[in-house]
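Reading the structure
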Amino acid sequence: MELTVWRTFVTVCRLGSLSAAATELGYTQSAVSRQIAGLERQLGVPLVQRHARGVRPTPVGEVFRHHALATLNDADRALRAVRDARDGSLSRPLAVGATPSLAAGIVPAAIRRLLDETAPLQWSLVPGLSSQLHDRVIAGDLDIAVATDAPPGLPNDPRVERRFLGMDDMVVVLPIDHPQAGHGPVHIRTLADQTWVEDNDGSAALLRQHAARAGVTAHIDLTAADLPGKTALVATGHAIALIPGVLTCSLRTDLTTVALIDPPTRGIYTITRRRDPHPSAASLLDQLTTAFSPHRPTHAAHQPTETNADPTLQSSAGTGYDVTPGPCDRSTARTHTGPRGCHG
């Protein structure tokens, strides 16, 4: 089997679309279809199934995708190593992954501090959802990921080491002319009749759980494809949304935030491989730990440093945590003075 065909299959699975995969890889859609069909004939089983929004791997296809991704990453690393040896450079780039909210500020700032304190280093930053980042660390595609335990939580996997960085209060993002703009912490009941927009299942679950605890229902009537789309719908007055507090400092200037009383929270963790760690991963972990040090739980019982012992870690309400927000570097003042970790 050719690795080119494997790469096509993995790309189709990642994007959930034959046409999107064709665009990314520079093929026609019919060429992608032929490659997938040929691979299925070779293996003797269907690998993808169609649904209303595109395609997804079958159960057997998901098993193959997992191993194919690991093989492709090993092949890519082998090629890079040969090129580096040919060019006289034997240092491998540091591949970092982060959720979109963390990739918007905190993680790049930590990388900047790392580069200021070390020799020149090639690096890359890849955004993704926590489950995707976890899988890419295991596959060897990423050296370190910064993820969250928002529902459905992080899996317990002995192949990785997971370290707790801090807690993040969720806040509500509003257009700047919203009636609640400029107010102090509000109860979710005050916003229950609003139209909400969400961009992923984890954030939607946090919102629904928080509203349910207050005896109300949050009406998630709009869906966005990603975080920028979500905030754009808020900025144009179509809805309001629940967002991570760490995102406050990176928001566009036509948005503001308001804190919630007893807000939902999510834990933030680093994920690294136990085998073959990158030489600079520990240094970046130190920078991230320093950035989040003021934002750890006030009680030691809530501060897991090695979390593989708990396979069901998930976000919860903000009870028992230090909810004092950190300073925000943005010059534009916001209703919510800053998320935990916003300073770095």
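It should be emphasised that the depicted structure is a prediction, and the values quoted were computed from it without experimental measurement. (Residues numbered from 1 in each chain as written. Predicted model: local features only at pLDDT ≥ 70, side-chain atom pairs only at ≥ 80, totals over all residues. Heavy atoms only, no water.)

Things to note about helix H8 (residues 201–213)
- End to end, H8 covers 18 Å across 13 residues, agreeing with the expected 18 Å (1.5 Å per residue, within 8%).
- Along H8, the residues that are buried comprise Gly 202, Ser 203, Ala 204, Ala 205, Leu 206, Leu 207, His 210 and Ala 211.
- As for H8, its buried residues are in contact with strand E6 (160–175), strand E7 (195–198), strand E8 (219–223), helix H9 (227–235), strand E9 (241–244) and strand E11 (265–273).
- If you check the start of H8, you find a side-chain oxygen 3.0 Å away from the backbone N of Gly 202, and it comes from Asn 200. (Helix = DSSP H or I, 4+ residues; strand = E, 2+ residues; numbered from the N terminus. Expected span 1.5 Å × (residues − 1). Buried < 20%, exposed > 50% of the residue type's maximum accessible area, 1.4 Å probe, protein only. Contact = heavy atoms within 4.5 Å. Polar contact = N/O pair within 3.5 Å; in protein donor to acceptor, adjacent residues only side chain to side chain.)

Comments concerning the pattern of salt bridges
- Under the defined criterion, the tally for this structure stands at 12 salt bridges.
- A salt bridge links Arg 273 to Asp 143; its shortest N-O distance comes to 3.5 Å. Of this pair, Arg 273 sits in strand E11 while Asp 143 is found in the loop between helix H7 (130–139) and strand E5 (144–148), placing the two residues 130 residues apart along the sequence. This pair shows no difference in class: Arg 273 is buried, exactly as Asp 143 is.
- Across the pair Asp 199 and Lys 230 runs a salt bridge, and its minimum N-O distance is 3.3 Å. Highlighted residues: Asp 199 in the loop between E7 and H8 and Lys 230 in helix H9, separated in sequence by 31 residues. Here the two residues Asp 199 and Lys 230 agree in accessibility, since each one is buried.
- Three or more residues are tied together by salt bridges with common partners; here these are Glu 198, Asp 199 and Lys 230. (Salt bridge = Lys/Arg side-chain N within 4 Å of Asp/Glu carboxyl O.)

A short note on helix H6 (residues 106–117)
- In this model, H6 (12 residues) spans 17 Å end to end at C-alpha, consistent with the 16 Å of a helix rising 1.5 Å per residue.
- Considered for burial, the residues of H6 that qualify are Ile 106, Val 107, Ala 110, Ile 111, Leu 114 and Leu 115.

Focus on the side chain of Thr 11
- With respect to the element layout, Thr 11 can be found in helix H1 (residues 3–15).
- Overall, Thr 11 belongs to the buried group, its relative accessible area being 5%.
- Looking at Thr 11, its side chain comes within polar contact range of the main-chain oxygen of Arg 7, at 2.7 Å.

Observations regarding the environment of Leu 125
- Within the secondary structure layout, Leu 125 lies in strand E4 (residues 123–127).
- Residues Leu 125 and Ile 144, spaced 19 residues apart in sequence, show a C-alpha to C-alpha distance of 9.9 Å.
- When neighbours within four sequence positions are excluded, Leu 125 is seen to be in contact with Val 96, Gly 97, Ala 98, Ala 103, Val 107 and Pro 108.

A few points about the packing of helix H2 (residues 18–25) against helix H3 (residues 29–43)
- Between H2 and H3, whose axes approach to 8 Å, the crossing angle comes to 105°. It follows that H2 is roughly perpendicular to H3 by the angle criterion. Contact residues: H2 offers Leu 18, Ser 19 and Ala 22, while H3 offers Gln 29, Val 32, Ser 33 and Ile 36.
- Of the residues that constitute the contact of H2 with H3, the class distribution is four nonpolar, three polar and no charged. (Axes fitted to C-alpha atoms, helices over the stretch in contact; angles between N-to-C directions. Parallel < 35°, antiparallel > 145°, perpendicular 65-115°, else oblique. Nonpolar A, V, L, I, M, F, W, Y, C, P; charged D, E, K, R; others polar.)

What to know about the packing of aromatic side chains
- All chains considered together, the criterion is met by three aromatic pairs.
- Relative to Phe 64, the ring of Trp 6 lies with its centre 5.1 Å away and its plane at 75°, an arrangement referred to as edge-to-face. Of the two residues, Trp 6 is situated in helix H1 and Phe 64 in helix H4 (residues 59–87); the sequence distance between them amounts to 58 residues.
- On the accessibility criterion, Trp 6 (15% relative accessible area) is buried.
- Between Phe 164 and Tyr 269, the aromatic rings sit 5.5 Å apart at their centres with planes inclined by 65°, giving edge-to-face as the arrangement. Taken as a pair, Phe 164 in strand E6 and Tyr 269 in strand E11 lie far apart in primary sequence, 105 residues in all. Both residues of the pair, Phe 164 and Tyr 269, belong to the buried class.
- By the ring-pair criterion, three or more aromatic residues cluster together here, those being Trp 6, Phe 9 and Phe 64.
- In this structure, Arg 162 packs its charged tip against the face of Tyr 269, placed 5.8 Å from the ring centre. (Phe/Tyr/Trp six-rings, centres within 6.5 Å; stacked < 30°, edge-to-face > 60°. Lys NZ or Arg CZ within 6 Å of the ring centre and 35° of its normal.)

Remarks on the environment of Met 167
- Mapped onto the secondary structure, Met 167 falls in strand E6.
- Separated by 79 residues in sequence, Met 167 and Val 246 have C-alpha atoms that sit 9.8 Å apart.

Some thoughts on the packing of H1 against H3
- Across the interface, H1 lies against H3 with an axial gap of 9 Å and an inter-helix angle of 105°. Classified by the angle between their axes, H1 and H3 sit roughly perpendicular to one another. Note on element contacts: H3 touches H1 through Val 32, Gln 35, Ile 36 and Leu 39, opposite Thr 4, Val 5, Trp 6, Thr 8, Phe 9 and Val 12.

Description of the confidence of the model for the protein chain
- When the pLDDT values of the protein chain are averaged, the result is 83; 83% of them are 70 or greater.
- Predicted confidence for residues 298–344 stays below pLDDT 50, and this span has 139 contacts to residues more than four positions away or in other chains. (pLDDT = per-residue confidence, 0-100.)

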